[in-house]
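Notes for the structure review
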Amino acid sequence: MTFRTIDELRMACLVLPEGNDTSATAAAARQSILTKPLGSLGRLEEIAIWLARWQGRAIPRLDRVHVLVFAGSHGVTAQGVSAFPAEVTAQMVQNFARGGAAINQLARQTGAKLVVKSLEIEKPTADFTQAPAMTADELLEAVNAGINSVQDEADLVCLGEMGIGNTTAAAALAAALFGGTARDWVGRGTGVDDAGFSRKVEVVDRALAHHAKALADPLEALRRVGGRELAAMFGAALASRKRRIPLMLDGFVCTAAAAVLARLAQGGLAHAMTGHVSAEAGHRKLVDCLGQRPLLDLGMRLGEASGACLAVDILRGAIACHSGMATFTEAGIAEG
Ligand SMILES: O=C(O)c1ccc[n+]([C@@H]2O[C@H](COP(=O)([O-])O)[C@@H](O)[C@H]2O)c1
Ligand SMILES: Cc1cc2nc[nH]c2cc1C
């Protein structure tokens, strides 16, 4: 799946497949006969049914978990919006390749395949306080890169990113998609001080004013105030939906990118769960806007798909119970 025009891409977002009702119904029926009071496994029960729906399998599996991390560079870093210099993006990509980042450890411990995709990190997007971050072709190239990173064989896709300056882009994008001003969405990202935080608020408000007339269209908002790794995450979210592969979202930046799909199509993120709520100020509000309930709340604000990857073990717990527990009949236990 590769898109040559934004209109082609937009049309594709309007025809999204639904999950498999038969598998979901079978999974729900099984949950009702396992040796536990119905509902006593709380969200683990919902998770088993959700995975069954999107995998089209009454007993879901997580043998092949793919963690996709996209990296991009941001022209808006020229405005002094991050606690770290822009070159850290490329340096962290090298760290991923050498196995030294947090996500390398988390992916290994959960048995997931980690794929890191650099999106022209030597070429930052335009500073979106002055011009659209990307041209239409640049947007399409990044979206297509995300789409083509999703492989049919995956049982679950975890999404994440790396990009100095991208919490500024995500705040602007969230404001474009859900309204409000910079104050509603800006957080401290990698840890900017009070002066940096004020600059960030002013930068996002200036960007929102500069692009005001064009932000009602979610794809145009992504092009104007997003970034390549956000575009790629949006593409991967779309591709996983097209292939009916369940999707695990990460923190603020990842969720803002995926939110573009929810704004283009009602129920566009029905195949997605959010692995954790980030400590980044706007994330809680963003997941609320999307009707998402994050699985973990660990005060993390790293990105890299780290929260998404950690949540995989909760899914594994849900599947272990769903597939391995005895039924009331098998165990000879009286039903309530
Ligand atoms: O995803 C989040 O919730 C999140 C919150 C704070 C920081 N980050 C990561 O930090 C980087 C962006 O922070 P900043 O301050 O440069 O905008 C980028 O590489 C993200 O992966 C990510
Ligand atoms: C060191 C470092 C690692 C990261 N991983 C994701 N975002 C990051 C930002 C920084 C600064």
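Data block above holds the structure.
Report on the accompanying structure. From a predicted model like this one, the values you see are computed outputs, not experimental measurements.

Rules behind the numbers
- Residues numbered from 1 in each chain as written.
- Chains lettered and ligands numbered in written order.
- Predicted model: local features only at pLDDT ≥ 70, side-chain atom pairs only at ≥ 80, totals over all residues.
- Helix = DSSP H or I, 4+ residues; strand = E, 2+ residues; numbered from the N terminus.
- Rg over C-alpha atoms; globule rule 2.2 N^0.38 Å.
- Buried ≥ 20, exposed ≤ 12 C-beta atoms within 10 Å, placed from the backbone.
- Contact = placed C-beta atoms within 7 Å.
- Pairing = 2+ DSSP bridges.
- Core = buried A, V, L, I, M, F, W, Y, C linked by C-beta atoms within 7 Å.
- Near = placed C-beta within 6 Å.
- Nonpolar A, V, L, I, M, F, W, Y, C, P; charged D, E, K, R; others polar.

1. Comments concerning the overall build of the protein chain
Counting its regular elements, the protein chain contains 15 helices and five strands. What you see for the protein chain is a C-alpha radius of gyration of 20 Å, in line with the 20 Å of a compact globule of 336 residues. Expressed along its principal axes, the backbone C-alpha trace of the protein chain runs to roughly 70 × 40 × 35 Å. With 336 residues in all, the protein chain has 53% of them scored as buried. Sequence separation of 24 or more characterises 80% of the internal contacts of the protein chain that already satisfy a separation of 6 or more.

2. Remarks on the pairing of strand β3 (residues 156-162)
Among the seven residues that make up β3, seven are buried, leaving the element largely enclosed by the rest of the structure. Both faces of β3 are covered, namely the face carrying Leu-156, Cys-158, Gly-160 and Met-162 and the face carrying Val-157, Leu-159 and Glu-161. Pairing of strand β1 (residues 65-71) with β3, which is carried by seven bridges, proceeds in the parallel orientation. Paired with Val-69 across the bridge in β3 is Gly-160. As paired strands, β3 and strand β4 (residues 247-249) are joined by two bridges and run parallel to one another. Looking at the pairing, Val-157 lines up with Leu-247 of β4.

3. Remarks on the nonpolar core
Within soluble globular proteins, side chains that are nonpolar generally end up buried alongside one another. In terms of nonpolar packing, the biggest core is built from 109 residues, with Cys-158, Leu-159, Leu-173, Phe-234 and Ala-258 touching the most fellow members. Of all the elements, helix α12 (residues 252-264) adds the most residues to this core, at eleven residues. Beyond its immediate stretch of four places on either side in the chain, Leu-159 contacts Leu-68, Met-233, Ala-236, Ala-237, Leu-247, Met-248, Leu-249, Asp-250, Cys-254, Ala-305 and Ala-308.

4. A look at the site of ligand 1
What surrounds ligand 1 is a group of 24 residues, the closest being Ser-82, Gly-189, Gly-251, Ser-278 and Gly-303. Counting only elements with at least two residues in the shell around ligand 1, the list comes to β3, α7 (166-178) and α12. Partitioned by chemical class, the residues of the shell around ligand 1 number seven nonpolar, twelve polar and five charged.

Everything listed here is a matter of coordinates, which is why it stays silent on function.
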